[in-house]
Amino acid sequence: MINYDDLLKKIPKVRKILDDGTNTNLYHYTKPEKLLSILESGTIRFSNALYLNDKEEVTYSYKLIVNLINETNGLNQELFLKIKEYFYKKYKNIIDGDDTFLNKYEYYTISFSTDNDNLTLWNNYSKGQTYTGYNIGFCKKELLYDMERQGFKSVYGNIIYNQETQITILRLIFDKWNKQYEKLLAGKKTAKNNEKQQDTFFELIDILSIISLFFKNPYFRDEKEYRIIFISHFDTNTYKQTKIFEKNGLFIPYIEYHFLKRTVSSINIGPTLDENIFYTSTCRMLANFGYEKKTINRSKIPLRY
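Residues numbered from 1 in each chain as written. Predicted model: local features only at pLDDT ≥ 70, side-chain atom pairs only at ≥ 80, totals over all residues. Heavy atoms only, no water.

Caption draft 1: Fine view of the packing of aromatic side chains. For the structure on display, the rule yields 15 aromatic pairs. An angle of 50° between the planes, with centres 5.6 Å apart, marks the rings of Tyr62 and Phe87 as tilted. You can see Tyr62 sitting in helix α4 (residues 55–71) and its partner Phe87 sitting in helix α5 (residues 77–96), a full 25 residues away along the chain. Accessibility expressed as a relative area gives 8% for Tyr62, which makes it buried. Here Phe87 falls in the buried class, since its relative accessible area comes to 0%. Aromatic rings pair up to connect Phe46, Phe152, Phe230 and Tyr257 into one cluster. The positively charged end of Arg45 is found above the aromatic ring belonging to Phe245, 4.4 Å away from the centroid. The ring of Phe220 has Lys216 sitting right over it, with the charged end atom 5.0 Å from the ring centre. (Phe/Tyr/Trp six-rings, centres within 6.5 Å; stacked < 30°, edge-to-face > 60°. Helix = DSSP H or I, 4+ residues; strand = E, 2+ residues; numbered from the N terminus. Buried < 20%, exposed > 50% of the residue type's maximum accessible area, 1.4 Å probe, protein only. Lys NZ or Arg CZ within 6 Å of the ring centre and 35° of its normal.)

What follows is the structure, encoded as structure tokens:
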């Protein structure tokens, strides 16, 4: 199993861009019926990243990687031609609906926002003026610690929307592994050296694959998304761990994470005309599941009539 923390330690600037180590709250937006299910079961889902978004979002990073390789001088042609072919093939497989999806790893994600009162996200989880959305606030430090304790070895960080920053990150990665590969090429021609060259290629594939999940089109910047990614080895044991839910006609694999109540910092209610009855209703529901001491906040965003 790849240790992505070790790979990220090789590029500390990138690690800091994703997460500077500050302990904050993260907010998981959801619909009322989903909030009820989450609190009643004490679980949230790591969902398979491949099936969550439209094709453009999934392939956005792959196109960026391929285009940047074409535009960058000084890269080792042997190494980066293989990298380009790999990501171009992944891009084509998604666009063309190729069923050769049995990859070495599967990536499962949980999405949060760093904003507890986000109009863009409220609109995604509300219907009209009477059906409101909710979000659950989690203490980031407590949540990540508990996930690791339960065996969810995750990679986490803020989604990067700024394309200049995305390109800067990719150039840092290109430069690091290009130098590593060139150094090996200049060494003695031995079986061990050849093996290390192969390892460098696979490391570069791995780091670009995981980093690509933190890039999104600038169009989505208002969401202020923070993502936690669990990497699962694709084998028969994965099938045993995963469950399936249906969304918009897609069958999406997911893995349940049982969170501790202490990781929950607040419950936040979206904009609604009938905010008093929604507030008291939420208080009563939370008491039912042992969350009565948690902070409950109402949105400060005014509704338009």
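So that's the structure; there's more coming.
Caption draft 2: Molecular detail of the nonpolar core. Residues Ile83, Ile207, Leu208, Ile210 and Ile211 are the most contacted members of the largest nonpolar core, which totals 45 residues. Counting only elements with at least two residues in this core, the list comes to α1 (4–9), α2 (12–18), α4, α5, β3 (105–113), α8 (163–185), α9 (191–212) and β6 (225–233). (Core = buried A, V, L, I, M, F, W, Y, C linked by side-chain atoms within 4.5 Å.)

Caption draft 3: View of unusual backbone geometry. In the Ramachandran plot, Lys224 falls in the positive-phi region, its phi being about 50° despite a non-glycine side chain. Within the element layout of this structure, Lys224 appears in the loop between α9 and β6. When its relative accessible area of 42% is taken as the criterion, Lys224 is described as partly exposed.

Caption draft 4: Molecular detail of the side chain of Glu225. Relative to the assigned elements, Glu225 resides in strand β6. Within the structure, Glu225 has its side chain in polar contact with the side chain of Lys216 (distance 2.9 Å). Not counting chain neighbours up to four residues away, the residues in contact with Glu225 comprise Ser111, Phe112, Ser113, Asn158, Ile159, Tyr161 and Lys216. (Polar contact = N/O pair within 3.5 Å; in protein donor to acceptor, adjacent residues only side chain to side chain. Contact = heavy atoms within 4.5 Å.)

Caption draft 5: The pattern of salt bridges, seen in detail. A full pass over the atoms with the stated rule returns 12 salt bridges. Residues Asp175 and Lys179 are paired through a salt bridge, measuring 3.4 Å at the closest nitrogen-oxygen approach. Taken together, the residues span about one helical turn, with Asp175 and Lys179 both in helix α8 at a distance of 4 residues. Judged by its relative accessible area of 38%, Asp175 falls in the partly exposed class. Between Glu256 and Lys243 there is a salt bridge, with the nearest N and O atoms lying 3.3 Å from each other. Taken together, the residues span a long stretch of sequence, with Glu256 in strand β8 (residues 250–258) and Lys243 in strand β7 (residues 243–247) at a distance of 13 residues. On the basis of relative accessible area, Lys243 is assigned to the partly exposed category, the value being 42%. The structure contains a network of salt bridges with shared partners spanning Lys216, Glu223, Glu225 and Arg227. (Salt bridge = Lys/Arg side-chain N within 4 Å of Asp/Glu carboxyl O.)

Caption draft 6: Broad picture of the side chain of Gln166. Relative to the helices and strands, Gln166 resides in helix α8. A relative accessible area of 0% places Gln166 in the buried class. Excluding residues that lie within four positions of it along the chain, Gln166 makes contacts with Tyr60, Leu64, Ile160, Tyr161, Phe215 and Lys216.

Caption draft 7: How the structure looks around helix α7 (residues 140–149). All buried positions along α7 are accounted for by Lys140, Leu143, Leu144, Asp146 and Met147. Projected onto a plane normal to the axis of α7, the buried residues spread over an arc of 165° and lie on a single side. Those residues of α7 that are exposed and angled more than 90 degrees off the buried face are Lys141, Tyr145 and Arg149. Once α7 ends, the next one or two residues include Gly151, with phi positive near 95°. (Arc of directions from axis to C-beta.)

Remember, this is a structural readout, not a statement about activity or role.
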